[in-house]
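Chain by chain, the residues run as shown.
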Amino acid sequence: MLEPQTASGKVLWHFTMSLDGFVAGPGHSMDWMGGTTSRPGLTDEYASTTGAVLGGRDGWDAYPDPSGIYGGAWQGPLFVLTHHPEDATPTEGVTFLNCGPAEAVRIGLEAAGGKNLEVFSPNIGRQLLGLGLIDEIDLHIAPVLLGDGIRLYDNPGGTPIRLHGLGKADPFAEVDVRFKPI
């Protein structure tokens, strides 16, 4: 079993993901998450260890309300990385950044004040992973197969990224999950 998340200035690429690798449905829809549950205290754990959030413009445009993060349990600085901040609607607590992903991480970690910076964007997360700036990939696998939508990770023709499992006796062992259709 994994240890609870700690607020230690990490860059977390954090998502609930469908079993087939999607973090959002078509058009960034999130209605597929209805009816799923998480372990008791999980939302509070992340709300208390998150100092800042970094997201992308597509996700922001689909859900332009920072009060919905962790069901409203979290409040703090939200950064949206975009190539066109000039056409974004100003929103209290949201800073639109037009810079490289490494600079966005520097800004986000500074704002996080020693707590974690959570990355809520598949695209930005992929870029940060390639730059060596992701400390942990933190996934909650929902018991659903979406079949379409926005994948956590795409890298056609690229080299596989090897990962080290945390909280396991063998950090290179596959993860076993078991479900049956309902």
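The shown structure was predicted, so the numbers you read here are calculated from the model rather than taken from an experiment.

Draft legend 1. Structural view of the overall build of the chain. Scanning the chain from terminus to terminus reveals four helices and eight strands. Ordering the α and β elements of the chain from the N terminus gives β-β-α-β-α-β-β-α-β-α-β-β. Compactness check: the chain gives a C-alpha radius of gyration of 16 Å against a globular reference of 16 Å for 182 residues, within 12% of the reference. Buried residues in the chain amount to 34% of all 182 residues. Partitioning the contacts of the chain with sequence separation of at least 6, the portion at a separation of at least 24 is 75%. Carbon and sulfur atoms make up 54% of the accessible area of the chain, which amounts to about 10800 Å² in all. Measuring between centres, the 11 positive side-chain charges of the chain sit 7 Å from its 22 negative side-chain charges.

Draft legend 2. Seen up close, the layout of surface pockets. The computed volume of the second largest pocket comes to approximately 190 Å³. Lining the second largest pocket are Leu19, Pro143, Val144, Leu145, Phe179, Lys180, Pro181 and Ile182. For the lining of the second largest pocket, the per-class residue count stands at seven nonpolar, no polar and one charged.

Draft legend 3. How the structure looks around the nonpolar core. The biggest cluster of nonpolar side chains holds 20 residues, and the ones touching the most others in it are Trp13, Leu54, Val119, Leu128 and Ile134. Among the elements that line this core, the one with the most residues is strand β1 (residues 11–18), at four residues. Counting residues in each nonpolar core, the second largest holds 14 residues, with Leu12, Leu42, Ala88 and Val94 among its members.

Draft legend 4. Representation of the sheet that holds strand β5 (residues 94–97). The strand order β5-β4-β3-β6-β1-β7 describes an open sheet built from six strands, whose pairing is parallel. The outermost strands of the open sheet, each flanked by one partner alone, are β5 and β7 (136–142). On average, each strand axis in the sheet is inclined to that of its neighbour by 25 degrees, with strand direction left out of account. Alignment of β1 against strand β6 (residues 116–119), held across three bridges, turns out to be parallel. Across the sheet, Trp13 pairs through a bridge with Val119, a residue of β6. Lying over the sheet, helix α1 (residues 42–49) contacts β1, β3 (50–56), β6 and β7, oriented at roughly 95 degrees with respect to β3. Against the sheet, helix α4 (residues 122–130) makes contact with β1, β3, β4 (78–81), β6 and β7, and its axis sits at roughly 135 degrees relative to β1, the strand it touches most.

Draft legend 5. Up close: the side chain of Asn116. Relative to the assigned elements, Asn116 resides in strand β6. Only 3.1 Å separates the side chain of Asn116 from the backbone nitrogen of Ser8, close enough to count as a polar contact. Within the structure, Asn116 has its side chain in polar contact with the backbone nitrogen of Gly9 (distance 3.2 Å).

Draft legend 6. Broad picture of the environment of Ala7. Tracing the chain through its elements places Ala7 in the segment before β1. Residue classification places Ala7 among the partly exposed residues on the basis of a relative accessible area of 36%. With 105 residues separating them along the chain, Ala7 and Ala112 place their C-alpha atoms 9.5 Å apart. Leaving out residues up to four positions away in the same chain, Ala7 has contacts with Thr49, Gly114, Lys115 and Asn116.

Draft legend 7. Expanded view of the side chain of Gln5. Among the secondary structure elements, Gln5 is positioned in the segment before β1. With relative accessibility at 10%, the residue Gln5 sits in the buried group. Polar contacts involving the side chain of Gln5 include one to the side chain of Lys10, which spans 2.5 Å. In this structure the side chain of Gln5 is engaged in a polar contact, spanning 2.8 Å, whose partner is the side chain of Asp138. The residues contacting Gln5, other than those within four sequence positions of it, are Lys10, Leu12, Glu45, Tyr46, Thr49, Asn116, Glu136 and Asp138.

Rules used throughout
- Residues numbered from 1 in each chain as written.
- Predicted model: local features only at pLDDT ≥ 70, side-chain atom pairs only at ≥ 80, totals over all residues.
- Heavy atoms only, no water.
- Helix = DSSP H or I, 4+ residues; strand = E, 2+ residues; numbered from the N terminus.
- Rg over C-alpha atoms; globule rule 2.2 N^0.38 Å.
- Buried < 20%, exposed > 50% of the residue type's maximum accessible area, 1.4 Å probe, protein only.
- Contact = heavy atoms within 4.5 Å.
- Areas by Shrake-Rupley, 256 points an atom, 1.4 Å probe, with all protein chains shown as cover.
- Lys, Arg positive; Asp, Glu negative; His and termini not counted.
- Charge placed at Lys NZ, Arg CZ, Asp CG, Glu CD.
- 1 Å grid on protein atoms, 1.4 Å probe; cavity = no way out; pocket = protein on both sides within 12 Å on 5 of 7 lines; lining within 4 Å.
- Points joined across faces, edges and corners; volume = space filled by probe spheres on them.
- Nonpolar A, V, L, I, M, F, W, Y, C, P; charged D, E, K, R; others polar.
- Core = buried A, V, L, I, M, F, W, Y, C linked by side-chain atoms within 4.5 Å.
- Pairing = 2+ DSSP bridges.
- Axes fitted to C-alpha atoms, helices over the stretch in contact; angles between N-to-C directions.
- Polar contact = N/O pair within 3.5 Å; in protein donor to acceptor, adjacent residues only side chain to side chain.

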